[in-house]
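Summary of the model geometry
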Amino acid sequence: MISGIIGRKLGMTQLFAEDGTVTPVTVIKAGPCVVVQTKSANGSDGYNAVQLGLVEDKAIKLKNVSKPLRGHFEKTGGGLPPTRILKEIRLIGEPEAAVGDQVKVDVFADGDKIEVVGKSKGRGFAGTIKRHKFHRGPESHGSMNVRAPGSMGQSAYPSRVIKGTRSSGHMGDAQVTVKGLTVARVDAENNLLMVRGAVPGANGCLVVVRKS
């Protein structure tokens, strides 16, 4: 069974229970998706997976599709229109779906434990305190090391900054996986998934929702 779907983060809202309890949730427009390719551990791929394409309201024009992507969709038999977004979902067992099958938000149910993969918000160039949670230096009179990273070089061998040392630089805009989230409600009619917990990325960004 396919245990994942592609969607877009819409924003946050609240769910009210009958006893007045308020639950903050993140709303994800999940799917519908179509199976573009299946991979089997018994085949040449060596692992079980399905490749999903996100079916969006505005279809991509055929003239804007590259030749390799056009050929990839022609291998499906020519019945599938090209999609902008393609993502692969790993499976534990053999894929039970066939090329052309639709995957909708009803693969999830209320209370399911999930994990969401997305791209974090870009924060631009950031210093070591904001980026890596470094401690600041003393702010007393004469201090010249308030928010500076401090000494990173060595006085002896190798007398250089080691590659990968935490320093200032581009913060955010990286793939993040948030685990331990819970499905609060599934709205199959509107393809909406309401998740209890924090979902990475800005509103409108692409996310992949998978069962834990």
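Throughout what follows, the structure given in this document is the object of discussion. Just so we're clear, the structure is a prediction, and the values are computed from it rather than from any experiment.

This next bit is on the nonpolar core. Soluble globular proteins tend to pack their nonpolar side chains together in the buried interior. In this structure, Ile-28, Leu-52, Val-103, Ile-114, Leu-193 and Val-209 are the most contacted members of the largest nonpolar core, which totals 30 residues. Broken down by secondary-structure element, the contributors of at least two residues to this core are strand S1 (4-16), strand S2 (22-30), strand S3 (33-39), strand S4 (49-54), strand S7 (113-119), strand S10 (175-187), strand S11 (192-196) and strand S12 (206-211). Those residues in contact with Val-103, other than ones at most four positions away along the chain, are Ile-2, Gly-4, Ile-5, Pro-32, Cys-33, Val-35 and Leu-52. One finds Val-25, Val-27, Ala-184 and Met-194 within the second-largest nonpolar core, a separate group that totals six residues.

Attention now goes to the pairing of S3. Most of S3 is tucked away, with five of its seven residues classed as buried. Of the pairings in the sheet, the one linking S3 to S4 comprises six bridges and is antiparallel in character. Paired with Gln-37 across the bridge in S4 is Gln-51. Pairing analysis gives two bridges linking S3 to strand S6 (residues 102-103), with the strands arranged antiparallel. Paired with Cys-33 across the two strands is Val-103, which belongs to S6.

With an omega of 5 degrees, the peptide bond between Tyr-157 and Pro-158 qualifies as cis. Tracing the backbone shows Pro-158 in the loop between helix H2 (128-132) and strand S9 (169-171). The phi dihedral of Lys-133 is positive, around 60 degrees, even though this residue is not glycine. Looking at the secondary structure, you find Lys-133 in the loop between H2 and S9. For Lys-133, a relative accessible area of 62% translates into the label exposed. Unusually for a residue other than glycine, Ser-159 sits at a positive phi of about 55 degrees. Relative to the helices and strands, Ser-159 is located in the loop between H2 and S9.

The subject of this paragraph is the state of the cysteines. Going through the model one piece at a time under the given rule, you end up with zero disulfides. The structure places no disulfide on Cys-33, whose sulfur is separated from the nearest cysteine sulfur, that of Cys-205, by 15 Å.

Here we take up the environment of Ile-162. Topologically, Ile-162 is positioned in the loop between H2 and S9. Classification of Ile-162 as partly exposed rests on a relative accessible area of 40%. Along the sequence, Ile-162 and Ile-60 sit 102 residues apart, while their C-alpha atoms lie 46 Å from each other.

Before going further, it helps to examine the sheet that holds S6. On the basis of which strands lie adjacent, the open sheet formed by four strands has the order S5-S4-S3-S6 and antiparallel pairing. The two strands at the open ends of the sheet, each matched to only one other strand, are strand S5 (86-90) and S6.

This part covers the pattern of salt bridges. Applying the stated criterion to the full structure yields five salt bridges. Notably, a salt bridge pairs Arg-8 with Glu-56, separated by 3.3 Å at the nearest N-O pair. With a gap of 48 residues between them, Arg-8 in strand S1 and Glu-56 in the loop between S4 and helix H1 (67-74) connect regions that are remote in the sequence. Its salt-bridge partner being Glu-88, residue Lys-39 comes within 2.8 Å of it at the nearest N-O pair. Of this pair, Lys-39 sits in strand S3 while Glu-88 sits in strand S5, placing them 49 residues apart in sequence. Each member of the salt-bridge network shares a partner with another, and the members are Arg-8, Glu-56 and Arg-84.

With that settled, consider the sheet that holds S7. Spatially, six strands are ordered S1-S2-S11-S10-S7-S12 in a closed barrel, and the strand pairing comes out antiparallel. If you compare each strand with its neighbour and ignore which way they point, the axes differ by 50 degrees on average. Of the strand pairs in this sheet, S1 and S2 are connected by nine bridges, and their pairing is antiparallel. In the sheet register, Leu-15 faces S2, and the bridge partner there is Thr-23.

Before going further, it helps to spend a moment on the side chain of Asn-48. Topologically, Asn-48 is positioned in the loop between S3 and S4. Polar contacts involving the side chain of Asn-48 include one to the main-chain carbonyl oxygen of Ile-92, which spans 3.4 Å.

Criteria and cut-off values
- Residues numbered from 1 in each chain as written.
- Predicted model: local features only at pLDDT ≥ 70, side-chain atom pairs only at ≥ 80, totals over all residues.
- Heavy atoms only, no water.
- Core = buried A, V, L, I, M, F, W, Y, C linked by side-chain atoms within 4.5 Å.
- Buried < 20%, exposed > 50% of the residue type's maximum accessible area, 1.4 Å probe, protein only.
- Helix = DSSP H or I, 4+ residues; strand = E, 2+ residues; numbered from the N terminus.
- Contact = heavy atoms within 4.5 Å.
- Pairing = 2+ DSSP bridges.
- Disulfide = S-S within 2.5 Å.
- Salt bridge = Lys/Arg side-chain N within 4 Å of Asp/Glu carboxyl O.
- Axes fitted to C-alpha atoms, helices over the stretch in contact; angles between N-to-C directions.
- Polar contact = N/O pair within 3.5 Å; in protein donor to acceptor, adjacent residues only side chain to side chain.

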